[in-house]
Every structure is written in structure tokens, then in C-alpha cells.
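# Residue-level structural notes
For reference, the chains in residue letters:
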Amino acid sequence: MGVVNTPQIVCDLVRMTARRISIFPLTGAIIFPGMQLPLHIFEPRYRDLVGDSLARDRKIGMIQPKGQGTHPPLFTVGCLARIHDVEALDDGRYNIILEGVQRFSIVNELNVTTSFRQVEAELWEEDEIGDALSLAERASLEIESRRFAEAQGYSVDWSAVSQLDDYSLVNAIAQIAPFDYAAKQALLEARGLSDRADTIVQLMQFFGRHDGSDDRVTLQ
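Per chain, residue numbering runs from 1 following the sequence as it is written. Side-chain atom pairs in this predicted model are given and counted only at pLDDT of 80 or more, local residue features only at pLDDT of at least 70, and totals for whole chains, interfaces and linings cover all residues. Side-chain measures were taken over the full set of non-hydrogen atoms in the model, leaving aside hydrogen atoms and water.

## Things to note about helix H4 (residues 166-176)
A simple rule labels every residue: compare its accessible area, found with a 1.4 Å probe on the protein chains alone, to the largest value its type can have, and call it buried under 20%, exposed over 50%, or partly exposed in between. Helix and strand labels come from DSSP, where a helix needs a run of H or I of at least four residues and a strand needs a run of E of at least two; each type is numbered from the N terminus. Counting buried positions along H4 gives ten out of eleven residues, so the element sits mostly inside the fold. Along H4, the positions that sit buried rather than exposed are Asp166, Tyr167, Ser168, Leu169, Val170, Asn171, Ala172, Ile173, Ala174 and Gln175. Measuring from the side-chain oxygen of the N-cap residue of H4 to the backbone nitrogen of Tyr167 gives 3.1 Å; that N-cap residue is Asp165. Distance and chemistry together define a polar contact, namely a pair of N or O atoms within 3.5 Å, with one atom able to donate a hydrogen and the other to accept it when in protein, and with adjacent residues in sequence counting only for side-chain atoms on both sides.

So this is what it looks like as C-alpha cells:
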């Protein structure tokens, strides 16, 4: 698999028409158009995936699995991403930075001979980068984020946060918030910046404590 690090933000969006997508199922990892996500790739089949992608179009579909195992069922919605930067290590591993391009919905999984999975997908026609929250929505998101961060013991540079535009703020929180995989998927599937911001606020209010095993906030 891969190890997820903190996402970065980019500004350019690219329209795609691809329907056949090679996918990287990874629990807890989502990416939005216009955002970046660093990954460390070490599992052989995903090293194959990255190598194939670099040889073709540099595109990978990030999507969450619904379970464990070598071939778990998948959620329907993921996000197509471009390999923006890559470091090939001597032992065959990769450090890559993905740049989100466009969300997609799986139509069906393809029968392939590659070690990695491929799907037929419909790409969403969307462009949220120009969307804006109302003053009340922005204030609610910032207030609830401060409360949540304080309750979880996170150190946040709030002066830097206040300088982010609405699009960057909402999607950065959606990517890095320590919610469980189902909550992450709800954020990925939320259409429109206002709906996603509202979902974030509700999740921060609803998720109340650690499960005792790690730093991920859960409903249990």
C-alpha cells in the first residue's frame, strides 16, 4: 500500500475525458480536484501501477475500499489524480505527489491481467474552485474547527488558516481531518462547497472521542 502524508494545495484544474482508470484503493485517503496528496508506494502491485501510469498518462484513480483483503469491494466515487512529482527509489519504491483532477463514479470493474485493478468510470463535470461560502458558513466552519482542534489537542496556525480561500480551506480540512473512512467518503461525495462545509461542521460536532487505539476519531 502507501503511506499518506499531509496534502498540499494547487490551483490548476484539468478537464479529462478518460473512462478507463487504473485505481489505487486506499482506506482513509481522499483527494479533491485542485489538491495535492503525497504518498509513499511500496506494495508491488502499486509499484506496478505507478510504473504503468508514468509510462502512459500519469493518471491514477484514488478510491476507498469498503473492506479488507486483496480484492475488496469499492466505494462508487473516487477522484482521478495526476502524478505531479515522483521520486523513484533504488529498491523499486516510489515517493509521489498526486494532484487531484476530477471526481468520478465507477460504472463497472474491468477484467484485466494487470496486478492492479482497473475500472470503467464516468467523470464528473464540475468546477468548484470559484465557489464561495457565505460569511455565516465560513464563520461556522472556522469556529467549529477551532473547537475540534482544541478538543483533539491539535496545534494549528490559525493566522495561516484565516488566509486560505474557501475552496482551499474546505477541501484541506476534508482531506486531513481524522475522521473514519465512511465520513471521509461522505465528504468526497458531497456536491458543492457549501454542502461539504456543512458536512464537515456536522462531523466535527458528531465525532466526540478517540477509540483508544490510535489518533483517529471514531463513532464507536
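Continuing now.
## Remarks on the packing of helix H2 (residues 135-152) against helix H6 (residues 193-206)
Contact pair H2 / H6: the axes reach a minimum separation of 10 Å and the direction vectors enclose 30°. On the basis of the axis angle, H2 is roughly parallel to H6. Considering how the two elements wind past one another, H2 and H6 form a crossing that is left-handed. Facing Glu137, Ser140, Leu141, Glu144, Ser145 and Phe148 of H2, the residues of H6 in contact are Ser194, Ala197, Ile200, Val201, Met204 and Gln205. Split into classes, the residues belonging to the contact of H2 with H6 amount to six nonpolar, four polar and two charged. With axes taken as lines fitted to C-alpha atoms, and helix axes fitted only over the stretch in contact, angles between N-to-C directions fall between 0 and 180 degrees. To sort the angles, those under 35 degrees are grouped as roughly parallel, those over 145 as roughly antiparallel, those from 65 to 115 as roughly perpendicular, and the leftovers as oblique. Take the far helix as the reference: if the near one is turned anticlockwise from it by less than a right angle, the crossing is left-handed, and if turned clockwise, right-handed. Residue contacts are counted whenever heavy atoms from the two residues lie within 4.5 Å of one another. When residues are sorted by character, Ala, Val, Leu, Ile, Met, Phe, Trp, Tyr, Cys and Pro go into the nonpolar class, Asp, Glu, Lys and Arg into the charged class, and all the rest, Gly among them, into the polar class.

## Examining the pairing of strand S4 (residues 35-41)
It is a general feature of regular strands that their side chains alternate between the two faces of the sheet. Summarising burial for S4: seven of the seven residues are buried, a large majority. Here S4 shows a buried face lined by Met35, Leu37, Leu39 and Ile41 and a second buried face lined by Gln36, Pro38 and His40. We treat two strands as partners when DSSP finds at least two bridges between them. Bridge count for S4 against strand S7 (residues 94-109) is six bridges, and the pairing is antiparallel. From the neighbouring strand, Leu37 faces S7, where its bridge partner is Leu98.

## Here's the deal with the confidence of the model for the protein chain
The predicted structure's coordinates, where accompanied by low pLDDT, should not be read in detail. The predicted model of the protein chain averages 87 in pLDDT, with 86% of residues at 70 or higher. For residues 9-16, every residue scores under 50 in pLDDT, and the model assigns this stretch 30 contacts once sequence neighbours within four places are set aside. Known as pLDDT, the predictor's per-residue confidence is scaled from 0 to 100. In the model, residues 216-220 has pLDDT below 50 throughout and makes 21 contacts with residues more than four positions away in sequence or in other chains.

## Some details on the pairing of strand S6 (residues 77-88)
Note that strand S5 (residues 59-63) and S6 share four bridges and pair antiparallel. Note that in S6 the partner of Met62 across the bridge is Cys79. Across eleven bridges, the pairing between S6 and S7 is antiparallel. Residue pairing for S7: Cys79 is matched across the bridge by Arg103. The antiparallel hairpin formed by S6 and S7 contains five residues in its connecting segment, where Gly92 sits at a positive phi of about 100°.

## Let's talk about the packing of H4 against H6
It is at 10 Å that the axes of H4 and H6 come closest, and there the two elements cross at 45°. One finds that H4 runs oblique with respect to H6. Handedness of the crossing formed by H4 with H6: left-handed. Taken together, the residues of H6 that come into contact with H4 (itself represented by Asp166, Tyr167, Val170, Asn171, Ile173 and Ala174) are Leu193, Arg196, Ala197, Ile200 and Met204. Of the residues contributing to the contact of H4 with H6, the split by class is eight nonpolar, one polar and two charged.

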